[in-house]
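Tertiary structure, described
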Amino acid sequence: MARLPETNWTNRDDLAQLVEALGADSMRWVGGCVRDTMLGIAPHDIDCATTHRPGTAIDKCRAAGIRTVPTGIDHGTITAILEGGPVEVTTLRRDVSTDGRRATVAFADDWREDAARRDFTINALYAHPETLQLDDYFGGLADLEARRVRFIGDARERIREDHLRILRYFRFQARFGDALDDEAVAACEELAATLKGLSRERVAMELLAILSLPDPVATVQLMEKLGVLGVVLP
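In this report, we go over the structure that sits alongside the text. On a predicted model such as this, the values are computed, not experimentally measured, just so you know.

When helices and strands are tallied, the chain shows 11 helices and 9 strands. The C-alpha atoms of the chain give a radius of gyration of 18 Å, which matches the 17 Å a tight globule of 234 residues would have. Judged by the C-alpha coordinates and their principal axes, the chain covers about 55 × 35 × 30 Å. Taken across its 234 residues, the chain has 50% of its residues classed as buried. For the chain, the share of sequence-separated contacts (at least 6 apart) that also reach a separation of at least 24 residues comes to 62%. Only carbon and sulfur atoms are counted for the fraction: they give 48% of the accessible area of the chain, which is about 11400 Å². Positive and negative side-chain charges of the chain, numbering 29 and 38 respectively, have mean locations separated by a distance of 4 Å.

See the structure below:
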């Protein structure tokens, strides 16, 4: 079974304190910190998923002397304030309903169910905080090796859940991608007009993130070719 390599962040004392507070079997490192570490990149942020409900996670952190902030508690996210930097702690979730701009979620108890609501396979890798063993439910490790950015399940369904995922696809393609995923590209082209329903702030944040990458030219040209750029920059 694949394991997360040991790095500076996996050996941080303050993260070990968080693991002890929440319980190693009740949490997993997830998302960008796992993806980037597998690529040999130092992650900017550390996130974890937990089976604990937000109130329970807050209580367990408080008992361990860890201060928390209820940054997105309605959606299951609190932020643990640690010496080495903040860590988002999010309760396992499943989508109840979505309208392309926001989702109504319910808390869940199944790691795979939580993974299924994420956007791309490379962002749905979970690492046990003690054994560092990886859970890969949708082929994310193979996609990382192939430098392929692929939606989890049906690309059109993922985009209809959150239209901003179109721009996120191009951002991740510019950062990590090599060969294009045909289904992802077709879905982004077909549903490009849905970006009109998003706030300018959310669109601007993703667009600026793309433009600030070291070499986004080919990706921006692709966005123009597919009609995506014309929607966000008419």
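Now that the structure has been shown, we can carry on.
Bringing the side chain of Ser 26 into the picture now. With respect to the secondary-structure elements, Ser 26 resides in the loop between α1 (13–22) and β1 (27–30). Every residue in contact with Ser 26, bar those within four places of it in the chain, is listed here: Ala 49, Thr 50, Thr 51, His 52 and Trp 111.

For the rest of this paragraph, the subject is the sheet that holds strand β8 (residues 125–127). Here we have 7 strands laid out as an open sheet, ordered β3-β4-β5-β2-β1-β8-β9, and mixed in their pairing. At either end of the open sheet lies a strand with only one pairing partner, and these are β3 (67–72) and β9 (134–136). Averaged over all adjacent pairs, the angle separating strand axes in this sheet is 30 degrees, with direction ignored. Summarising the sheet, β1 and strand β2 (residues 46–50) pair through 3 bridges and their orientation is antiparallel. Looking across to β2, one finds that Met 27 is bridged to Thr 50. Across the face of the sheet, α1 comes into contact with β1, β2, β4 (77–81) and β5 (87–91) while running at roughly 140 degrees to β1. Against the sheet, helix α3 (residues 54–63) makes contact with β3, β4 and β5, and its axis sits at roughly 10 degrees relative to β4, the strand it touches most.

Relative to the helices and strands, Thr 71 is located in strand β3. C-alpha separation for the pair Thr 71 and Leu 213, spaced 142 residues apart in sequence, amounts to 27 Å. Setting aside residues up to four positions removed in sequence, Thr 71 forms contacts with Thr 77, Ile 78 and Thr 79. Here the side chain of Thr 71 touches Thr 79 through a polar contact of 2.8 Å, side chain to side chain.

The rules behind the values
Residues numbered from 1 in each chain as written. Predicted model: local features only at pLDDT ≥ 70, side-chain atom pairs only at ≥ 80, totals over all residues. Heavy atoms only, no water. Helix = DSSP H or I, 4+ residues; strand = E, 2+ residues; numbered from the N terminus. Rg over C-alpha atoms; globule rule 2.2 N^0.38 Å. Buried < 20%, exposed > 50% of the residue type's maximum accessible area, 1.4 Å probe, protein only. Contact = heavy atoms within 4.5 Å. Areas by Shrake-Rupley, 256 points an atom, 1.4 Å probe, with all protein chains shown as cover. Lys, Arg positive; Asp, Glu negative; His and termini not counted. Charge placed at Lys NZ, Arg CZ, Asp CG, Glu CD. Pairing = 2+ DSSP bridges. Axes fitted to C-alpha atoms, helices over the stretch in contact; angles between N-to-C directions. Polar contact = N/O pair within 3.5 Å; in protein donor to acceptor, adjacent residues only side chain to side chain.

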